[in-house]
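# Inside the fold
Now for the letters of each chain:
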Amino acid sequence: MSPLDYVTLAVILFVIGAAGVLIRRNAIIIFMCIELMLNACNLAFVAFASMHGNLNGQVIAFFVMVVAAAEVVVGLAILMAVFRARKSASVDDANLLKY
Amino acid sequence: MLTVGATGVLRASWLLLAFPAFGAAVLLLGGRRTDRWGHLLGVLMPLASFVYAVIAFFTLLGETDRSRDLHMFSYIPVGGFQVNMGILLDPLSISFALLITGVGSLIHIYSVGYMSHDSDRRRFFGYMNLFLAAMLLLVLADNYLGLYIGWEGVGLASYLLIGFWQYKNSAAVAAKKAFIANRVGDAGLSLAIMLMFAEFGTVSFTGVFGTVKAGGSGVATALGLLLLLGACGKSAQVPLQSWLLDAMEGPTPVSALIHAATMVTAGVYLLVRSNPILALSGTARLAITVVGAVTLLFGALIGCAKDDIKKALAGSTMSQIGYMTLAAGLGPAGYVFAIAHLIAHGFFKAGLFLGAGSVMHGMDDEVNMRRYGGLARYMPVTFATFGLGYLAIIGIPPFSGFFTKDPIIEAAWDKGGTSGAILATCAILGAGITAFYMTRVMLMTYFGKKRWSAEKEPHPHESPGVMTWPMILLAVGSVGAGAFLILGQRFENFLGPVTGLPPVAHGIWSVPGEIALALALCGVGLAWFMYGRVPVPAEAPAGSFPVVAGRKDLYGDAFNESVLMRPGQWLTRLSVYFDNRGIDGLVNTMAALIGGSSGRLRRMQTGFVRSYALSMFFGAGLLVLLLLVVRL
């Protein structure tokens, strides 16, 4: 099990998350996919930290986790507000900011 | 002649300008408050100037070198260009100053009576004083720039006075026409001044006349021709003559002072004052004589066809100034006689115009001579003074015109060669035509049966004393001025130091002069034959081609319109079209381009979050790709 395998796994997880953000319509699913992308990044950082033999990557992973948590709070609050107005959680329905 | 600084009485010569300038300032700035006594101040100021001019004249006579320069102030003290304003008192300028203030004062006194029914009389005197101040600056300045300031000032005063009755559209248009025609001439004069500065570095008379020899004949010719253009504009010579007849829209005292005695003679003053420049250029002098000869015939022919008494006299003025211009182009042989004729002309033409004004005053402002007739009995003083002016202008001895016009004809003849012969012939012909049209004016106005207008029902009466006394005094000049100046070479000796003496001494009688006199008498006879023997028709008959041409100012207006005005209008319309379609089109097209493209581009804002996410994804992918490429 070399650290490179972990990075490969992180890439696969990231691609799955990105595909989910682009394809899924439900806002909550999109949030989960964003979380998936963030966690893939965390995995990659920790793997690199192990490869280089210092703790920089792990520290960054901590930061990323904090930011992800804060971002989820805000995002879900926005989703709640939109849901109350539109009675729909589909991102395609919030399309008024157009030409 | 040496010019020294002014001393004694002459140190106050700025008063000559200050009196009328003060009068103009008080009357124009004071407004309606000065209405009650405005005309009195307006008359007092020219009289004060005249008194000083007489004192200065006699003081100057007592000197050996009759040229004094009073330095007033430094006008432009800029490094390489120094212009000092000063007053030059020499025989030429003092002669003009006496004429301007003397005849001017008489006309101001006359205006008190003539304009007595006009509520704007005070404004009239303000403008007239302004004119006097500007004209005096013109003739008294010791440098070309001061002359130019006065030149522009008289142009302004002329505009204000021609358009005095602004509510009359014809007067407003005539004022504009006069100003614009003057402006063309002014361009010539200002170019001459610029050329002087460029070549000589100075515009003062002493500076320019001292260094003009170094410039060579090319510069002198250029200067001479440009000064001629300026003179043409101000003196209504061909090709800038079209404004003078329209200028008769102004009140008659204006026509008398500005468009007969003084302003229109400023061109002649300019040419005579610039004689050191003209001495170096035969081309310029020839051009001046040609302009003079053409104009004297032009004006005479127009005067023959006009039924409006003021326009006939205006044609006469154009013609007489043509004589003066012709003399000024003959060099030292003619300068003295040009100025002598100018002074005599000032007297008799002002007298004739005031007489015309008196007739108009008695005939309820009628100007059409076909509606006059038989007025000699009703206006004896006017008839007598007008008659003396008439005898003077046609050159009957011993009146003024004979003494001043004949030397010009002789000097033209003495020039020799084909040019001299042609010029003398023109001058003699002009004398004959002058006699014809002036006799026509006299016969139509004062003799014959009454043809008075039925609608106006005028009651002709003699004018009041305030109007007749100036006419009487001017008639004295008409009678005696010529003899006074010419006999005994009095004026030649007086003016000679400034202009140079005529090379040949003339007697009173000479062959060309006698031919002119004979032709003049023929002209009188012809006019009597046509207008004295048969009754004059009250309606103007359809005339032959020359008469029709004369009535239309010898197509001067038509020429200006077709050659200058219509191409100019065409050019401006072309520019407007190009501006609207071309320039505006360019700007509008650019704006439309941006508007159109923005209309297309905004369709990118679809409102779908997922398509935005896709764009971000592609962008991020591109960045990573670039990073990898750089790395490799």
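Reference entry: report on the structure contained in this document. (Residues numbered from 1 in each chain as written. Chains lettered and ligands numbered in written order. Predicted model: local features only at pLDDT ≥ 70, side-chain atom pairs only at ≥ 80, totals over all residues. Heavy atoms only, no water.)

## Let's talk about the layout of surface pockets
- Here the largest pocket defines a volume of roughly 840 Å³.
- Put simply, the parts of the chain that give the lining of the largest pocket at least two residues each are helix H1 (3–23), helix H2 (27–52) and helix H3 (56–86) of chain A together with helix H23 (609–631) of chain B.
- Considering every element that reaches the lining of the largest pocket, the biggest residue donor is H23(B), with eight residues.
- For the lining of the largest pocket, the residue count by class is 21 nonpolar, four polar and one charged.
- The wall of the second largest pocket is formed by 24 residues, among which Leu98(B), Ile343(B), Phe347(B), Phe484(B) and Leu485(B) lie closest to the centre.
- Those elements that place two or more of their residues in the lining of the second largest pocket are helix H2 (38–61), helix H3 (91–114), helix H14 (332–362), helix H18 (465–486) and helix H19 (490–499) of chain B. (1 Å grid on protein atoms, 1.4 Å probe; cavity = no way out; pocket = protein on both sides within 12 Å on 5 of 7 lines; lining within 4 Å. Points joined across faces, edges and corners; volume = space filled by probe spheres on them. Helix = DSSP H or I, 4+ residues; strand = E, 2+ residues; numbered from the N terminus. Nonpolar A, V, L, I, M, F, W, Y, C, P; charged D, E, K, R; others polar.)

## Remarks on the pattern of salt bridges
- Applying the stated criterion to the full structure yields 15 salt bridges over all chains.
- With a shortest N-O distance of 2.7 Å, Asp92(A) and Arg610(B) are connected by a salt bridge. Here the residue Asp92(A) occupies a position in the segment after H3, and Arg610(B) occupies one in helix H23, the pair thus bridging two chains.
- Overlapping salt bridges, with partners in common, bring together Arg32(B), Asp35(B) and Arg122(B) in one network. (Salt bridge = Lys/Arg side-chain N within 4 Å of Asp/Glu carboxyl O.)

## What about helix H7 (residues 205–235) of chain B?
- In this model, H7(B) (31 residues) spans only 22 Å end to end at C-alpha, well below the 45 Å of a helix rising 1.5 Å per residue.
- Of all the bends in H7(B), the greatest measures close to 115° and is centred on Gly216(B). (Expected span 1.5 Å × (residues − 1). Bend = angle between axes of the 7 residues up to and from the residue.)

## Here's the deal with empty space enclosed by the protein
All names here are of chain B.
- All told, the structure shown has one cavity of 30 Å³ or more when counted by the stated rule.
- Lining the largest cavity are Ile394, Gly395, Lys405, Asp406, Ile409, Ala431, Gly513, Ala516, Leu517 and Ala520.
- For the lining of the largest cavity, the secondary structure elements donating two or more residues are helix H16 (400–414) and helix H20 (511–532).
- The class makeup of the residues in the lining of the largest cavity is six nonpolar, two polar and two charged.

## Re the sheet that holds strand S3 (residues 81–89) of chain B
Residue and element names in this part refer to chain B.
- The strand order across the open sheet built from three strands is S1-S2-S3, with neighbouring strands paired in mixed fashion. Where the open sheet ends on each side, the last strands, each with one partner, are strand S1 (4–5) and S3.
- In terms of strand pairing, strand S2 (residues 68–78) meets S3 through nine bridges, oriented antiparallel. Considered in S3, the bridge of serine 74 is made with asparagine 84. (Pairing = 2+ DSSP bridges.)

## Quick look at the packing of H14(B) against H19(B)
Residue and element names in this part refer to chain B.
- Axis separation between H14 and H19 bottoms out at 10 Å; the angle between their running directions is 125°. Taken together, H14 and H19 sit at an angle that is classed as oblique. Here the hand of the crossing between H14 and H19 comes out right-handed. Together, Pro332, Tyr335, Val336, Phe337, Ile339, Ala340 and Ile343 of H14 and Phe491, Glu492, Leu495 and Thr499 of H19 make up the contact between the two elements. (Axes fitted to C-alpha atoms, helices over the stretch in contact; angles between N-to-C directions. Parallel < 35°, antiparallel > 145°, perpendicular 65-115°, else oblique. Left-handed = near helix turned anticlockwise from the far one by under 90°. Contact = heavy atoms within 4.5 Å.)

## Re the interface of chain B and chain A
- Counting residues at the interface gives 11 residues for chain B, matched by 13 residues for chain A.
- Buried surface at the junction of chain B and chain A, both sides included, amounts to about 1,100 Å², of which 60% is carbon and sulfur.
- Inspection of the region where chain B meets chain A yields one salt bridge.
- Of the residues contributing to the side of chain B that touches chain A, the split by class is five nonpolar, three polar and three charged. (Buried area = accessible area lost by both parts, 1.4 Å probe.)

## Some points on unusual backbone geometry
- For the bond running from Val238(B) to Pro239(B), omega is 5°, close enough to zero to count as cis.
- For Pro239(B), the location among the structural elements is in the loop between H7 and helix H8 (243–246).
- The backbone of Lys87(A) sits at a positive phi, close to 55°, despite the residue not being glycine.
- Along the polypeptide, Lys87(A) turns up in the segment after H3.
- We note that Asp553(B) has phi near 55°; this positive angle belongs to a residue other than glycine.
- Turning to its location among the elements, Asp553(B) is positioned in the loop between helix H21 (545–551) and helix H22 (556–601).
- On the accessibility criterion, Asp553(B) (10% relative accessible area) is buried. (Buried < 20%, exposed > 50% of the residue type's maximum accessible area, 1.4 Å probe, protein only.)

## Re the packing of H3(B) against H14(B)
All names here are of chain B.
- Relative to each other, H3 and H14 sit at 5°, their axes nearing to 11 Å. In terms of their interaxial angle, H3 and H14 are classed as roughly parallel. When H3 is examined against H14, the residues Leu92, Ser95, Phe96, Leu99, Val103, Ile107, Tyr110 and Tyr114 are found in contact with a partner set consisting of Ile339, Leu342, Ile343, Gly346, Phe347, Ala350, Leu354, Gly357, Ser358, Met360 and His361.

## Some thoughts on the pairing of S2(B)
Residues and elements named next belong to chain B.
- Examined bridge by bridge, S1 and S2 share two bridges and lie parallel to one another. The residue bridging valine 4 from the neighbouring strand is arginine 68, located in S2.
- Turn length for the S2-S3 hairpin, with the two strands adjacent in sequence and antiparallel, is two residues, and the turn residue glycine 79 shows positive phi of about 40°.

Any link to function would need more than the numbers given here.
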